[in-house]
Amino acid sequence: MNVGIIGGGVAGLTAAYQLSRAGHKVAVFEKRPELGGQAGTFRVDSARLEVFYHHLFTNDTDVISLIDELGLSRNMVWLESKMGFFHGGRVYDFVTATDLLKFTPIGIIDRIRLGLVAMNLRRFKDWQKLEGITAEEWIKRHAGERNYEVVWGPLLRGKFGESAGEVGMVWFWGKIHLRFASRGQGGREKLGYMLGSFGQITDALAQRIAAAGGTLHTSTPVKRVLAEGGKVVGLEVEGKGKMAFDAVLATVPSPAFLNLAPALPEEYAAKLKQARYQAAVCLVLVMNKSLSRIYWLNISDPSIPFVAAIEHTNYINRSNYGGKHILYLSNYLSPSHRLYNATREQLLAEYLPHLKKINSQFDPSWVEQSHLFRDDAGQPIITTNYSARIPEHRTPLRGLYLANTTQIYPQDRGVNYSVRLGQTVAGLISDDAGKG
Ligand SMILES: Cc1cc2nc3c(=O)[nH]c(=O)nc-3n(C[C@H](O)[C@H](O)[C@H](O)COP(=O)(O)OP(=O)(O)OC[C@H]3O[C@@H](n4cnc5c(N)ncnc54)[C@H](O)[C@@H]3O)c2cc1C
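The shown structure was predicted, so the numbers you read here are calculated from the model rather than taken from an experiment.

Undergrad: Is there a simple way to think about the packing of helix α6 (residues 145-160) against helix α7 (residues 169-181) in this case?
TA: In a pair of packed helices, the angle between the axes and the distance between the axes together describe the arrangement. Across the interface, α6 lies against α7 with an axial gap of 13 Å and an inter-helix angle of 110°. The orientation of α6 with respect to α7, classified from their angle, is roughly perpendicular. Contacts between α6 and α7 involve W152, L156, K159 and F160 from the former and W171, F172, K175 and I176 from the latter. Partitioned by chemical class, the residues of the contact of α6 with α7 number six nonpolar, no polar and two charged.

Okay, structure coming up:
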């Protein structure tokens, strides 16, 4: 069967690889100049680095198996995380139970309560029971107002901005439950990184797809999905015109899919229309000095205009980057936010003065290079009763399939789950091909 795949991110490439292995002929179309999507990379001098910070958890088993299968396990390192919290002008360690007990911005009773609630969420498995309640409501009720205000509220607001109050408890449960499940004895967490960047997964998938006779087309946006008599017949591709395919898999965000696909029945289209995202906006600084000793610093300070300062080189040795320090300043914003369309220069002017709050020695001369990356569909907004709003992978149009991050639930989106999406949908396409 000839399968056209829209999007050369992790989901699209994994599906293309699986389909090639099953004997199908695939063509992948990616609108950007590089493959990789949200897990794409760029160069910092001679080193390769993710455009958005990336690490894996020990329970990301689908991607770990794929990495093994691709012969890349030797490049994986698993290192203890250094997580912190910035609040009231101070950096606090925030990994173990002892760190929590030392977190003085909240009173001792609230600290104990926060620890107990987190432990209960870790053990709790019946997430369907949480579908009808927002995270804000649940946290305030079970962990208290103060814990919401200082710790978990800022984390939610950091990811979802003005929509934080709408986020379903299941999303929050997924974060805590899966995160804690990846911890070893003693509460220490190990995070996985691929030395040389996760871009090697994309490269290896692309090589195997090409070796099996598949084609990969970068800088090649798909303009339209073509259908006749309720069945997909092909794609209209920029620079290539109309191309015939027996099946089409779209891995693009739901609003983009709606624009590409022919009229879909209202019930299915309604689910696509309900999808909402926060855009990811990431300023990467290449510096000659280190900002702090923390890898992942959550910012719980509304006066600071970014939500996390992620110092990659406090996790992966800076010798991999010519001795430079790499700092990601991360934000998730709605398109109506004033920083959403800011230029790199505007963001530098806006952000840099605040780095002094984290390290009083900081000086702008530490910054040698800066790079700005955005993705409009960085984080799907997962509201209450979300399961009822997830579109099926098989669309009502025969031969047309969808695999995107809005279909990941109850876990939060991540490379592991995009690998799983790609594998699942490749399986459906192969099954349907078998049925003729
Ligand atoms: C800031 C940030 C940090 C993250 N950190 C982590 C992390 O630490 N660990 C982790 O596991 N995951 C992380 N993720 C999530 C992870 O990167 C994503 O879940 C995963 O890469 C998504 O892959 P995908 O293929 O599903 O989607 P995408 O990567 O979005 O791929 C879709 C592709 O479709 C292309 N496309 C769109 N329209 C068209 C068109 N018309 N024609 C052709 N191509 C088109 C896009 O350019 C894109 O390449 C992070 C994401 C972000 C935004």
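There's more to say after this.
Undergrad: Which parts of the structure should I look at to understand the pattern of salt bridges?
TA: Where side chains of opposite charge bring their charged atoms close, a pairing between them can arise. Tallied over the full model, the rule gives 19 salt bridges. In this structure, E368 and K324 form a salt bridge, with 2.9 Å as the shortest nitrogen-oxygen distance. Residue E368 is located in strand β19 (residues 367-380), and its partner K324 is located in the loop between β17 (308-311) and β18 (325-333); the two are separated by 44 residues in the primary sequence.

Undergrad: When you look at the domain arrangement of the chain in this model, what are you seeing that I'm missing?
TA: Accessible area lost upon the coming together of the parts is a frequently used measure of interface size. Along its sequence, the chain is organised into domain 1 (2-39 + 198-275 + 383-434) and domain 2 (96-188). Between the C-alpha centres of domain 1 and domain 2 the distance comes to 34 Å. Taken together, the contact between domain 1 and domain 2 spans eleven residues of the former and 15 residues of the latter. Contact between domain 1 and domain 2 buries roughly 960 Å² in total, counting both sides, with carbon and sulfur atoms accounting for 54%. Of all residues in domain 1, T384, P410 and D412 bury the most surface against domain 2, accounting for 50% of the area lost on that side. Across the domain 1-domain 2 interface, the total number found is two salt bridges. For D412, the salt bridge identified is with K175, shortest N-O distance 3.0 Å. Looking at the side of domain 1 that touches domain 2 residue by residue, the class counts come to four nonpolar, five polar and two charged.

Undergrad: When you look at helix α1 (residues 10-21) in this model, what are you seeing that I'm missing?
TA: Owing to its 3.6 residues per turn, the α-helix aligns residues three or four sequence positions apart on the same side. With twelve residues, α1 should cover 16 Å at 1.5 Å per step; its first-to-last C-alpha distance of 16 Å lies within 8% of that length. Burial of α1 is extensive: ten of the twelve residues sit out of reach of the surface. Buried within α1 we find V10, A11, G12, L13, T14, A15, A16, Y17, L19 and S20. At the exit of α1 stands G23, carrying a positive phi of roughly 95°.

Undergrad: What's the story with the site of the ligand in this structure? I'm lost.
TA: In the region of the ligand, 29 residues are neighbours, and E30, Q38, H54, H55 and V415 sit closest. Interatomic distance of 3.0 Å between a backbone N/O atom of V222 and a nitrogen atom of the ligand. S418 places a side-chain nitrogen or oxygen 3.0 Å from an oxygen atom of the ligand. Bound to the protein, the ligand loses 94% of the 1,000 Å² it would expose on its own.

What counts, and where the lines are drawn
Residues numbered from 1 in each chain as written. Predicted model: local features only at pLDDT ≥ 70, side-chain atom pairs only at ≥ 80, totals over all residues. Heavy atoms only, no water. Axes fitted to C-alpha atoms, helices over the stretch in contact; angles between N-to-C directions. Helix = DSSP H or I, 4+ residues; strand = E, 2+ residues; numbered from the N terminus. Parallel < 35°, antiparallel > 145°, perpendicular 65-115°, else oblique. Contact = heavy atoms within 4.5 Å. Nonpolar A, V, L, I, M, F, W, Y, C, P; charged D, E, K, R; others polar. Salt bridge = Lys/Arg side-chain N within 4 Å of Asp/Glu carboxyl O. Domains from an automatic or database assignment. Buried area = accessible area lost by both parts, 1.4 Å probe. Expected span 1.5 Å × (residues − 1). Buried < 20%, exposed > 50% of the residue type's maximum accessible area, 1.4 Å probe, protein only. Near = heavy atom within 4 Å. Polar contact = N/O pair within 3.5 Å; in protein donor to acceptor, adjacent residues only side chain to side chain. Areas by Shrake-Rupley, 256 points an atom, 1.4 Å probe, with all protein chains shown as cover.

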